[in-house]
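Below, each chain spelled out in residue letters.
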Amino acid sequence: MTESFINARPATVMRPPAPPKKWTRGRVVGHLLVGLWTALLIGLLVYLYSAWNPELIAKYGPTYLAGLKTTIGLVGSSILLGAVISIPVALGRMSKNRIASSIAYAYVYFFRGTPLIAQVFLFYYGLGSFKPQLEAVGLWTFFREAWYCALLAFALNTAAYQAEILRGAVRSVALGQWEGAASLGISKFVTFWKVILPQALIVALRPYGNEIILMIKGSAIVALITVYDLMGYTRLAYSRTFDFQAYLWAAIIYLILVEIIRHIWDWLERRITRHLIR
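Residues numbered from 1 in each chain as written. Predicted model: local features only at pLDDT ≥ 70, side-chain atom pairs only at ≥ 80, totals over all residues. Heavy atoms only, no water.

The name an unreviewed UniProt entry assigns to the chain is Polar amino acid transport system permease protein, from the organism Phyllobacterium trifolii. A UniProt comment under Sequence similarities (unreviewed entry) is attached to the chain, and it reads "Belongs to the binding-protein-dependent transport system permease family. HisMQ subfamily." (UniProt positions renumbered as here; feature names shortened; annotations may be inferred.)

## Here's the deal with the overall build of the chain
The helix and strand inventory of the chain stands at twelve helices and zero strands. In the chain, the order of α-helices and β-strands from amino to carboxyl end is α-α-α-α-α-α-α-α-α-α-α-α. Relative to the compact-globule value of 19 Å for 278 residues, the chain shows a C-alpha radius of gyration of 28 Å, a clear excess of over 25%. Structurally, the chain occupies a C-alpha span of about 110 × 70 × 30 Å along its principal axes. (Helix = DSSP H or I, 4+ residues; strand = E, 2+ residues; numbered from the N terminus. Rg over C-alpha atoms; globule rule 2.2 N^0.38 Å.)

## Here we look at the UniProt feature "transmembrane region" (unreviewed entry) in the chain
Per the UniProt record, the feature "transmembrane region" (unreviewed entry) sits at residues 28–52, 72–91, 103–125, 145–163, 212–234 and 246–265. Secondary structure across residues 72–91 comprises 100% helix and 0% strand; the distance between its end C-alpha atoms is 29 Å.

## Observations regarding the packing of aromatic side chains
Two descriptors summarise a pair of aromatic rings, namely the distance from one centre to the other and the angle between the planes of the rings. The tally for this structure, following the rule as stated, stands at 13 aromatic pairs. Ring geometry for phenylalanine 189 against tryptophan 193: centres 6.1 Å apart, planes inclined by 55°, an arrangement best described as tilted. A residue pair is termed a helical-turn pair when its members lie 3 or 4 positions apart in one helix, as phenylalanine 189 and tryptophan 193 do in helix H10 (residues 188–218) at four residues. On the accessibility criterion, tryptophan 193 (36% relative accessible area) is partly exposed. (Phe/Tyr/Trp six-rings, centres within 6.5 Å; stacked < 30°, edge-to-face > 60°. Buried < 20%, exposed > 50% of the residue type's maximum accessible area, 1.4 Å probe, protein only.)

## A few points about the pattern of salt bridges
The final tally for this structure, using the stated rule, is seven salt bridges. Measuring nitrogen to oxygen at the nearest pair gives 2.9 Å for the salt bridge that ties arginine 93 to glutamate 164. One end of the pair, arginine 93, is in helix H3 (residues 54–94); the other, glutamate 164, is in helix H8 (residues 146–172), and 71 residues separate them in sequence. Classification of glutamate 164 as buried rests on a relative accessible area of 16%. Through salt bridges with shared partners, a single network forms among Arg206, Glu259, Arg262, Asp266 and Glu269. (Salt bridge = Lys/Arg side-chain N within 4 Å of Asp/Glu carboxyl O.)

## Some details on the nonpolar core
Among the nonpolar cores identified, the biggest contains 63 residues, and Tyr107 and Phe154 are the most heavily contacted of them. Where this core is concerned, the elements lending two or more residues are H3, helix H4 (98–113), helix H5 (116–126), helix H7 (140–143), H8, H10, helix H11 (230–241) and helix H12 (245–272). Top element by residues in this core is H8. It accounts for 14 residues. Leaving out residues up to four positions away in the same chain, tyrosine 107 has contacts with Ile85, Val89, Leu156, Ala159 and Ala160. (Core = buried A, V, L, I, M, F, W, Y, C linked by side-chain atoms within 4.5 Å. Contact = heavy atoms within 4.5 Å.)

## A closer look at the UniProt feature "domain: ABC transmembrane type-1" (unreviewed entry) in the chain
UniProt marks residues 68–265 with the feature "domain: ABC transmembrane type-1" (unreviewed entry), using the numbering shown here. Its end C-alpha atoms 20 Å apart, residues 68–265 is made of 83% helix and 0% strand.

## A look at the layout of surface pockets
Quantified by volume, the largest pocket comes out at close to 540 Å³. Every residue lining the largest pocket is counted, 19 residues in all, and those nearest its centre are Met94, Val170, Arg171, Trp178 and Lys188. Of the residues in the lining of the largest pocket, the class split is twelve nonpolar, three polar and four charged. Considered as a void within the structure, the second largest pocket measures approximately 350 Å³ in volume. Along its surface, the second largest pocket is lined by 20 residues, and Ile79, Leu80, Gln162, Ile212 and Trp265 are the ones closest to its centre. Of all the secondary structure elements, the ones that give two or more residues to the lining of the second largest pocket are H3, H8, H10 and H12. With eight residues, H3 is the single largest residue contributor to the lining of the second largest pocket. (1 Å grid on protein atoms, 1.4 Å probe; cavity = no way out; pocket = protein on both sides within 12 Å on 5 of 7 lines; lining within 4 Å. Points joined across faces, edges and corners; volume = space filled by probe spheres on them. Nonpolar A, V, L, I, M, F, W, Y, C, P; charged D, E, K, R; others polar.)

## Comments concerning the environment of serine 102
Checked against the element boundaries, serine 102 lands in helix H4. Residue classification places serine 102 among the partly exposed residues on the basis of a relative accessible area of 44%. The spacing of serine 102 and glycine 92 is ten residues in sequence and 8.2 Å in space, taken between C-alpha atoms. Among the polar contacts made by the side chain of serine 102, one reaches the main-chain carbonyl oxygen of arginine 98 at a distance of 2.6 Å. (Polar contact = N/O pair within 3.5 Å; in protein donor to acceptor, adjacent residues only side chain to side chain.)

Have a look at this one:
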């Protein structure tokens, strides 16, 4: 009897329930902000419903789709071209050669330190003043087109940002990865492409997504150099109708496009990091 009493396990003591949280100032402000955004969203939906103009949608809807295709094509091409350019720039930034490092630094410093709209104007209007020289070397056919000038400016701009993203991601990979590959007799080139770069891209994935989103929103400036992208056709629709919903629908389309990119990037991040989840 005594032995069974000693060996008996003590009854589990249940913790009392947590006291209810008080309505602190932060919670009150948070609920007020959520209510404000909800009211604004409801007001926007009510406005769109009351101001619905089927004639405007039927007349300019196809042009919006054409402008959206131009925007996607311009941003997609510049991102891919910039990714190719960013690799040698990032390698130059990490190089121990002072000349290569200085050139890469100057490139990144210029394109990250000046506004994108100024760069677009430099290529479209600035190089346009050198028409005889460009014709002499056979480049005027390229630079006389606003779309190509915008593509080149966007590609060089995003390449500077992507180079810094890639450089930071490569630096984040442990030095032991290089040392381990060297101990196995693997060359530095193979180590970079097969070992370091795949790990660096996991780190750089989220910043790359942010860069794409920024490029999508920044692409609206090409409407200023007569490129009829989504914003270009929006300006055209507004100049003919003076209807404010022209810009409102463009903003909604940009928002939907950004949300699609964000969800795709979330899926990619979960996909390539599934081996890290335990």
